[in-house]
Amino acid sequence: GTIDGEIAASQIALDKSNATTKIVPGHGPLTNKVEYQAYHDMLVDIRGRVAKLKAEGKTEDQAVAAKPLADIQARLNQNDMASERVVRQVYETLK
């Protein structure tokens, strides 16, 4: 799927939930609306960062080299390969 699809799907789940709703995401543990909102917002942020680099005329490799997800990567304890994969996937799906 695309990041836009994931953002749209998470927004639908958020719209249909309330403070007591338990959410079973496609990946990861059982969550709640507050945590799922943070996940949704992170996806929107990632998309925005990569879209900005693409709009500036950066190639996919240049976008990866810019490390636009460095702070998110550190917060999630992810490695460079995981971040590169996300940047490439998002870059390739952006119109």
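Calculation rules
Residues numbered from 1 in each chain as written. Predicted model: local features only at pLDDT ≥ 70, side-chain atom pairs only at ≥ 80, totals over all residues. Heavy atoms only, no water. Core = buried A, V, L, I, M, F, W, Y, C linked by side-chain atoms within 4.5 Å. Buried < 20%, exposed > 50% of the residue type's maximum accessible area, 1.4 Å probe, protein only. Helix = DSSP H or I, 4+ residues; strand = E, 2+ residues; numbered from the N terminus. Contact = heavy atoms within 4.5 Å. Salt bridge = Lys/Arg side-chain N within 4 Å of Asp/Glu carboxyl O. Phe/Tyr/Trp six-rings, centres within 6.5 Å; stacked < 30°, edge-to-face > 60°. Lys NZ or Arg CZ within 6 Å of the ring centre and 35° of its normal. Expected span 1.5 Å × (residues − 1). Polar contact = N/O pair within 3.5 Å; in protein donor to acceptor, adjacent residues only side chain to side chain. 1 Å grid on protein atoms, 1.4 Å probe; cavity = no way out; pocket = protein on both sides within 12 Å on 5 of 7 lines; lining within 4 Å. Points joined across faces, edges and corners; volume = space filled by probe spheres on them. Nonpolar A, V, L, I, M, F, W, Y, C, P; charged D, E, K, R; others polar.

1. What to know about the nonpolar core
Stage number 1. I3, I46, V50, V87 and V90 are the most contacted members of the largest nonpolar core, which totals 15 residues.
Stage number 2. Counting residues per element, the ones that place at least two in this core are α1 (3–15), α2 (33–55), α3 (60–65) and α5 (80–93).
Stage number 3. Discounting residues that sit within four places of it in the chain, V50 has contacts with V87, V90, Y91 and L94.

2. As for the environment of R85
Stage number 1. Looking at the secondary structure, you find R85 in helix α5.
Stage number 2. Sequence separation between R85 and A66 is 19 residues, and the spatial gap between their C-alpha atoms is 14 Å.

3. Quick notes on the pattern of salt bridges
Stage number 1. Per the stated rule, a full pass over the model turns up nine salt bridges.
Stage number 2. The salt bridge involving K67 is made with D80; its shortest N-O contact spans 3.5 Å. Here K67, found in the loop between α3 and α4 (70–76), pairs with D80, found in helix α5; they are 13 residues apart in sequence, far enough to count as distant.
Stage number 3. For D80, a relative accessible area of 44% gives the class partly exposed.
Stage number 4. Linked by salt bridges that have partners in common, E60, D61, E84 and R88 make up one network.

4. Quick look at the packing of aromatic side chains
Stage number 1. Per the stated rule, a full pass over the model turns up one aromatic pair.
Stage number 2. Sitting over the face of the ring of Y91, K54 holds its NZ or CZ atom 4.6 Å from the ring centroid.

5. Notes on α2
Stage number 1. For α2, which comprises 23 residues, the first-to-last C-alpha distance of 32 Å matches the rise-based estimate of 33 Å (1.5 Å per residue) to within 8%.
Stage number 2. Structurally, α2 contributes buried residues whose contacts are with α1, β1 (22–23), β2 (31–32), α3, α4 and α5.
Stage number 3. Two to three positions downstream of the cap, the backbone nitrogen of V34 sits 3.1 Å from a side-chain oxygen, assigning the N-cap of α2 to N32.
Stage number 4. Positive phi shows up at G57, right after α2, with a value of about 90°.

6. Brief notes about the layout of surface pockets
Stage number 1. For the largest pocket, the calculated volume is near 860 Å³.
Stage number 2. Here the residues of the lining of the largest pocket sort into 16 nonpolar, 11 polar and three charged.

7. A look at the environment of G26
Stage number 1. Among the structural elements, G26 can be located in the loop between β1 and β2.
Stage number 2. Put simply, G26 and V50 are 24 residues apart on the chain and 23 Å apart in space, counted from C-alpha to C-alpha.

Worth remembering: the numbers are spatial, not functional.
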